[in-house]
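Summary of structural features
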Amino acid sequence: MGSRRKHNVLNIETKIEIIEKLDKGESGSSLAQFYNVGKSTIGDIKRKKETILSYASKMDSSDGIKTRKVMKCAANVKLDEALFLWYVQNRNLGNPISGPILCEQALIFNSKMGSTSDFKASSGWLKNFKSRHGIKELNIERKMLYNSTSEEKFKELFLNVIKQEGYTRNDIYNADETSINWKAFPRKSLAPRRESSAPGYKVGKDKITAIVCANASGDHALPLLVIGKTIKPRCFKNVPQLPVKYKAQKSARINSDLFYEWYSGEFIPRVKRERECKGRKGKVLLLLDNAPSHFSVEKLNRVNSDFNVMFFPVSTTAIIQPMDQGVIEKLKRIYRKQILRHLLLADSVKNVASFYNNFNLKDACYMLAESWQSITTQNIKNAWNKLWPIAEVIHEEQKIQEISEITNLLKSIPGFEGNNEVDVNDWLENDANNLGFEILNDDEIVDSVKRTELSFGIENDTNEYEDVENYSGPMPGEAFTALETAMQWYEQQPESNSTELLLLKRIKDLAAKKRNWQAAAIELQILIS
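Below, the structure is looked at part by part. All residue numbers refer to position in the chain's written sequence, counted from 1. pLDDT decides what is reported in this predicted model: residues at 70 or higher carry local features, side-chain atom pairs at 80 or more are listed and counted, and totals for whole chains, interfaces and linings draw on all residues regardless. Water and hydrogen atoms play no part in the side-chain values, which are based on all heavy atoms of the structure.

**Focus: the packing of helix 14 (residues 327–344) against helix 16 (residues 361–374)**
For helices, the fitted line uses only the C-alpha atoms of the stretch in contact; every axis is such a line through C-alpha atoms, and the angle between N-to-C directions lies from 0 to 180 degrees. Secondary structure elements are defined from DSSP: runs of H or I of at least 4 residues count as helices, runs of E of at least 2 residues count as strands, and each element is numbered from the N terminus. One way to put it is that helix 14 packs onto helix 16 with a least axis distance of 9 Å and a crossing angle of 125°. The angle between the axes of helix 14 and helix 16 places the two elements in the oblique class. Viewed along their axes, helix 14 and helix 16 form a crossing whose handedness is right-handed. Facing Val327, Leu331, Ile334, Tyr335, Gln338, Ile339 and His342 of helix 14, the residues of helix 16 in contact are Ala364, Met367, Leu368, Glu370, Ser371, Trp372 and Ser374. Put simply, Ala, Val, Leu, Ile, Met, Phe, Trp, Tyr, Cys and Pro go in the nonpolar bin, Asp, Glu, Lys and Arg in the charged bin, and everything else, Gly too, in the polar bin. Taken together, the residues of the contact of helix 14 with helix 16 break down into nine nonpolar, four polar and one charged. Relative orientations are named as follows: roughly parallel for angles under 35 degrees, roughly antiparallel for angles over 145 degrees, roughly perpendicular for angles from 65 to 115 degrees, and oblique for any other angle. Crossings are classed by handedness, with left-handed meaning an anticlockwise turn of the near helix from the far one by less than a right angle and right-handed meaning a clockwise turn. When checking whether two residues touch, look at their non-hydrogen atoms; a contact exists if any pair is within 4.5 Å.

**Notes on helix 11 (residues 256–277)**
End to end, helix 11 covers 30 Å across 22 residues, agreeing with the expected 32 Å (1.5 Å per residue, within 8%). At Tyr263, helix 11 shows its maximal bend, which comes to roughly 35°. Looking at helix 11, one finds that the buried residues are Ser256, Leu258, Phe259, Trp262, Tyr263, Glu266, Phe267, Ile268, Val271, Glu274 and Arg275. The N-capping residue of helix 11, defined by a side-chain oxygen 3.3 Å from the backbone nitrogen of Asp257, is Asn255. A helix's residues, less one, multiplied by 1.5 Å, set its expected span. At any given residue, the bend is defined as the angle formed between two axes, one fitted to the seven residues that end at that position and one fitted to the seven that begin there. With a 1.4 Å probe rolled over the protein chains alone, any residue whose accessible area is under 20% of its type maximum counts as buried; one over 50% counts as exposed, and the rest are partly exposed. In the analysis that follows, any N or O atom pair within 3.5 Å is treated as a polar contact, provided that within protein one partner can donate a hydrogen and the other can accept it, and provided that, for residues neighboring in sequence, both atoms belong to side chains.

**Re unusual backbone geometry**
The phi angle at Asn238 is positive, at roughly 65°, despite the residue not being glycine. Along the chain, Asn238 falls in the loop between strand 3 (225–228) and strand 4 (245–248). The phi dihedral of Ala252 is positive, around 60°, even though this residue is not glycine. Position of Ala252 relative to the elements: it lies in the loop between strand 4 and helix 11. Since its relative accessible area comes to 3%, Ala252 is described here as buried.

**Some remarks on the side chain of Gln105**
Its place among the elements puts Gln105 in helix 7 (residues 99–112). Residues in contact with Gln105, not counting those within four places in the same chain, are Leu83, Trp86 and Asp442.

**Overview of the packing of aromatic side chains**
The pairing test for Phe, Tyr and Trp rings, Trp by its six-membered ring, is centres within 6.5 Å, and the orientation test on the planes gives stacked under 30 degrees, edge-to-face over 60, and tilted for anything in between. Across all of its chains, the model carries 20 aromatic pairs by this definition. The interplanar angle of 35° and the centroid separation of 5.5 Å between the aromatic rings of Trp262 and Phe267 together place this pair among those described as tilted. Both residues of the pair, Trp262 and Phe267, belong to the buried class. With a centroid separation of 6.5 Å and 70° between ring planes, the pair formed by Trp384 and Trp388 is classed as edge-to-face. Given the relative accessible area of 0%, Trp384 is considered buried. Given a relative accessible area of 12%, Trp388 falls into the buried group.

The values are spatial; any link to function lies outside them.
Encoded structure:
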C-alpha cells in the first residue's frame, strides 16, 4: 500500500492562487498534485470561487488571507459589518484606534442595533474580529498630520516605484472625487433671491459628486462618473445614454460600493481597451487619496494582477495629488462659464428665472462632460508637476484672466449686474470644501448594514424627481426634419468644420432610418388589419 497523503489545509491566499490558475486553464489534477491536496479539494475551491473571492475582498490586509484557512463568519454578522465599516472609515481618516476603543464601539453598535444583551466585547472576541478581517495590529499612535517630510518621502517612494516597475507617463493614472453644487448661482442674482423666498425651494440641496481620472501623459481621460441622489431623475426619462457615467446614492456622495464598482467595472475595462488600441503593454498604476470610500490597497490590488493602486499619505493630497493641482478647479470654472453662456441667451429677467427653474440634472451632466473635454492635454500634464516634474508650469495670470472674463460675462446678463470679482470667486469656490466622499455617523452605519438591498430613499426636494406622465419624445420624422434644418444652418456658419458636420449627418441618417422603419411598421399594421 502506498503512503497516506498528509491532510493539507490551504489558506485563503493559496485558494485564490488556485482559482487564478484554474481561470487560466490549468487542470485540476495538476493543481491537486502541485499543492498536495485531493482532486475533490480543487473541485470544492472551483465551486466556491465567488464565496472565496468575496470573503477575501473583505479582509483589511493581505496578512489575513495568508493566515486564515477557514471562512468562518461572526455570530452577529450585522454588528461585525457595522464595526468593520466604522474601523475602515476611522483608519482612513487617520484617527487613532486601539483595542479598547474598538471594543467600546462594538458595545455602542450592539446597543443601537438591539442585539443580544449578553454580548461581551472581550479580548477573545477582539482577537477573533481582528483575525476575521486580517487586521494585523490596531494603531494606538497614528500621527497623520501633514508635514513636509511625508510629502518628500512619498515623492521619493513614487519615483523609485516608477524606476523599478518601468512605468511611463501613459501607465500612471490619478482619480479624485469632488462635490459640485451644480445648480448654484452667484449670490447677487435673481435666482438665489427667488430660491430663498419662493415656497418649496431649499438652498444648497442640489449637490452631486464627480470622479475625474486621467493618466500622467494627458492622452487618456476617462468619462466622468457623476453621482446623484436618485436612480432615475425625471429629466433622464427616455434618455438611455448620457455623456457621463451616472450612479445614484442617497447622499449623492461616493461610498465604498460605488467606488469599487467604478474601479472594477469602469476604470480597469476602459484602461484595458485604451491600451489595446494603442498597443501599450505592462502594468498600470492608479494613485488615490486616503478617502474612507476607497478600499485598502490589498483589496484593490487583488482585483486584477496588471493593475496596482498606491495611496497618497494622509493630509498631503491637496499638496501633490495631480487632479487637485488645478484640474478640478478648472473643470468647475469651465462648467460655470457654460451656465453663464446659456443664461446669456435669456434676454430678460423673466427668462433668467425660467432658465433657473428649468435647468436640470441632464443639462448639468452634458455641461460637465463638455467641460471635462475642454481640459487640455497640457492642463493635465501641468497638474503632475509637483509630483513628477516635466511640463511647463501654469501661470497664475491665466486663472486671473479667466475670472475676469467670467465677471464681464456675468455682468452682461440681466439680473446679475451687481456682481464683482469677489462675488465670482465666492461662486466658483462655493463647493471647494465639500467632501466628495461619504462620512457616516454611528446611526448611519447601523442603517446602512440593516438594509438588505440598496434603497436610496429619495427626498422630493424639487419637482425634478417627481413622477410624471409617460413622454415618448420627438418622432423619428420630426427629428429628421429638425436635424436637416440644423445641418443647412450649420453649413453656412464660418465656425463649421467637417468633423461636426459629419457627426450631424450621421445622426440625421439614423433619424431617417428609424423614420423609414416606423413608416414600414405602420404600413404593415394597416395591411394586417
